[in-house]
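Residues per chain are reported as follows:
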Amino acid sequence: MLALKFDINKIRNDFPTLNQTINGCPLVYLDSAATSQKPQSVIDTITEFYTFQNANVHRGRHTLSEQATYAYEQVRDKTAEYFNVFSKEIVWTKGATEAINLVANGLKKRLNESHTIMISPLEHHANIVPWQIVSQQTGAKLIALPLNKNGTLNTKECCEFIKETKPTLLAITQASNTLGNITDLKPLIRAAKDVNSLVLVDGPNLRELNCDFYVCSSHKMLGPTGLGVLYGRYEQLNTLEIYQSGGEMIDKVYLTHSTYRPAPAKFETGTPNISGVLGFGAALDYLNELDHAKIQQYEQKLFSYAAQKLVKVDGITIYSNLSDNIGTLCFNLNDEHPYDLATLLDGYGVAVRSGHHCTQPLMTHLGLNGTLRASFCFYNTYEDVDIFIDSLKKCIALLD
């Protein structure tokens, strides 16, 4: 498929939520790290399903069911192609959080006091709490990679730590959802593989990573909420214990016992989020029509422009690594509470995140109670940045 020219004006028009006013001001949406906006094609796909095709999948021989089943499984194939893996290695979940829980519970019977689970202090709670619970239930030791004072990982130090510790599993994010700092995972994964560790990655890009499990959420890739993707090497997926039980995942059911289908079916119980899967397929179609290199270049230029402007604002402290960042600015204003500043910014139509961003261990490491976070996407503009900075200065003036 040929990539279309990157036209920011056309792209803006593809996202209806962006074209509105909030509190009498044009919306400046800078919270894409929490959830991305949805193009009209995704919204239309979901509406079309419920209007014309609404039927359950894998459960009927009538036309609507067969149409829904075909479309549903086509998206699995499309997702596998997008991530350059096999369709049978894609499991639908309700989000990245459930995907991590699926893996954690699936490994539980294989873990005991002699095993070690390794995470990083950068992780979202979704990639911490499940491992805490599994550690408590199995006796496996839970440890964290060493983190620099500024919230970055020293690759050499971390690789040495992995080789010395020999974890059973390394569960790590590609980029901090709070700081936006990008971690070079390839050497860490190589170090883990050298000591026969399993590797689970929580992040936005599976390409070229030699991991065993990978999780992501549809809603952070222009798709609907309530849908996640779990990739697992097929041989590893089939070694996992069943996470949930019920219909669809079974092979044979007797009154006293049951047998189960192989992955991915054995992890997909009950009626799935059919419309969400179809919507995610539309999101992938939209992404595939764009030039990814141009998108990345545009986002990085936009981020640099915003960082250069923000760093010049009096009283602002930035905690993000500005040289290697996915497109997120994490900051505070002097001793002002981030909630107060976020509320004032909302008065000017500027949407940013405030709080601990589900990363309390990272906040503790940085000695903070919370921060503000402005996260950018390719549908944002330089004008968005200018409005954000001008509004921020007005808010600061109100607080003086």
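Residues numbered from 1 in each chain as written. Predicted model: local features only at pLDDT ≥ 70, side-chain atom pairs only at ≥ 80, totals over all residues. Heavy atoms only, no water.

A.B. asks: Explanation requested: the overall build of the protein in the structure shown.
C.D. replies: The number of helices and strands found in the protein is 13 helices and 17 strands. Its C-alpha radius of gyration of 22 Å places the protein within 12% of the 21 Å reference for a compact globule of 400 residues. Looking at the 400 residues of the protein, the share that counts as buried comes to 52%. When the accessible surface of the protein is totalled, it reaches about 18400 Å², and 49% of it is carbon and sulfur. (Helix = DSSP H or I, 4+ residues; strand = E, 2+ residues; numbered from the N terminus. Rg over C-alpha atoms; globule rule 2.2 N^0.38 Å. Buried < 20%, exposed > 50% of the residue type's maximum accessible area, 1.4 Å probe, protein only. Areas by Shrake-Rupley, 256 points an atom, 1.4 Å probe, with all protein chains shown as cover.)

A.B. asks: It is not clear to me how the environment of Q137 should be interpreted in this structure. Could you clarify?
C.D. replies: Position of Q137 relative to the elements: it lies in helix α5 (residues 129–138). Through-space distance from the C-alpha of Q137 to that of K220 is 31 Å; in sequence the pair is 83 residues apart.

A.B. asks: Just to check I follow, could you spell out the nonpolar core for this structure?
C.D. replies: Here is a general trend for soluble globular proteins: nonpolar side chains tend to be buried in one another's company. If you look at the biggest cluster of nonpolar residues, it comprises 97 residues, and the most contacted ones within it are F378 and F388. The biggest single contributor to this core is helix α9 (residues 274–288), with 9 residues. Setting aside anything within four residues of it in sequence, one finds F378 in contact with F6, I8, I11, F15, L222, Y286, L287, L290, I295, Y298 and E299. L107, L111, V134 and F267 belong to the second largest nonpolar core, which has 27 residues in total. (Core = buried A, V, L, I, M, F, W, Y, C linked by side-chain atoms within 4.5 Å. Contact = heavy atoms within 4.5 Å.)

A.B. asks: Looking at this model, I keep getting lost on the packing of helix α3 (residues 63–83) against α9. Mind explaining?
C.D. replies: Packed helices, taken two at a time, are described by the angle between their axes plus the distance between the axes. Packing of α3 against α9 leaves a shortest axis separation of 9 Å and a crossing angle of 40°. Taken together, the axes of α3 and α9 are oblique relative to one another. α3 and α9 meet at a crossing whose hand is left-handed. On the side of α3, the interface is formed by A71, Y72, V75, K78, T79 and Y82, while α9 contributes I274, V277, L278, F280, G281, L284, D285, L287 and N288. (Axes fitted to C-alpha atoms, helices over the stretch in contact; angles between N-to-C directions. Parallel < 35°, antiparallel > 145°, perpendicular 65-115°, else oblique. Left-handed = near helix turned anticlockwise from the far one by under 90°.)

A.B. asks: Would you mind going over the environment of R110 with me for this structure?
C.D. replies: By secondary structure assignment, the location of R110 is in the loop between α4 (96–107) and β5 (116–119). For R110, the residues in contact, after removing those within four places along its chain, are H115, L198, Q236, T239 and L240.

A.B. asks: What am I meant to see in the sheet that holds strand β16 (residues 353–355) here?
C.D. replies: Pairing is antiparallel in the open sheet, where 4 strands are placed in the order β13-β14-β17-β16. A strand with exactly one partner marks an edge of an open sheet, and here the two such strands are β13 (316–318) and β16. Averaged over neighbouring strand pairs, the angle between their axes works out to 30° when direction is ignored. Note: strand β14 (residues 328–333) against strand β17 (residues 371–375), 4 bridges, orientation antiparallel. Bridge pairing links C330 to R373 in β17. Sitting on the sheet, helix α10 (residues 292–310) is in contact with β13 and β14, with an inclination near 15° to β14. (Pairing = 2+ DSSP bridges.)

A.B. asks: In this structure, what is going on with the packing of aromatic side chains? I would like to understand it.
C.D. replies: Ring pairs (aromatic) are described by centroid distance and by the angle formed between their planes. Evaluation of the coordinates by the stated rule reveals 12 aromatic pairs. Taking the centre distance of 6.2 Å and the plane angle of 75° together, the rings of F15 and F378 count as edge-to-face. Of this pair, F15 sits in the loop between α1 (8–14) and β1 (21–22) while F378 sits in the loop between β17 and α13 (382–399), and the two are 363 residues apart along the sequence. Of the residues examined, F15 reaches a relative accessible area of 0% and is grouped as buried. We note K88 situated over the ring of Y234; from NZ or CZ to the ring centre the distance is 4.3 Å. (Phe/Tyr/Trp six-rings, centres within 6.5 Å; stacked < 30°, edge-to-face > 60°. Lys NZ or Arg CZ within 6 Å of the ring centre and 35° of its normal.)

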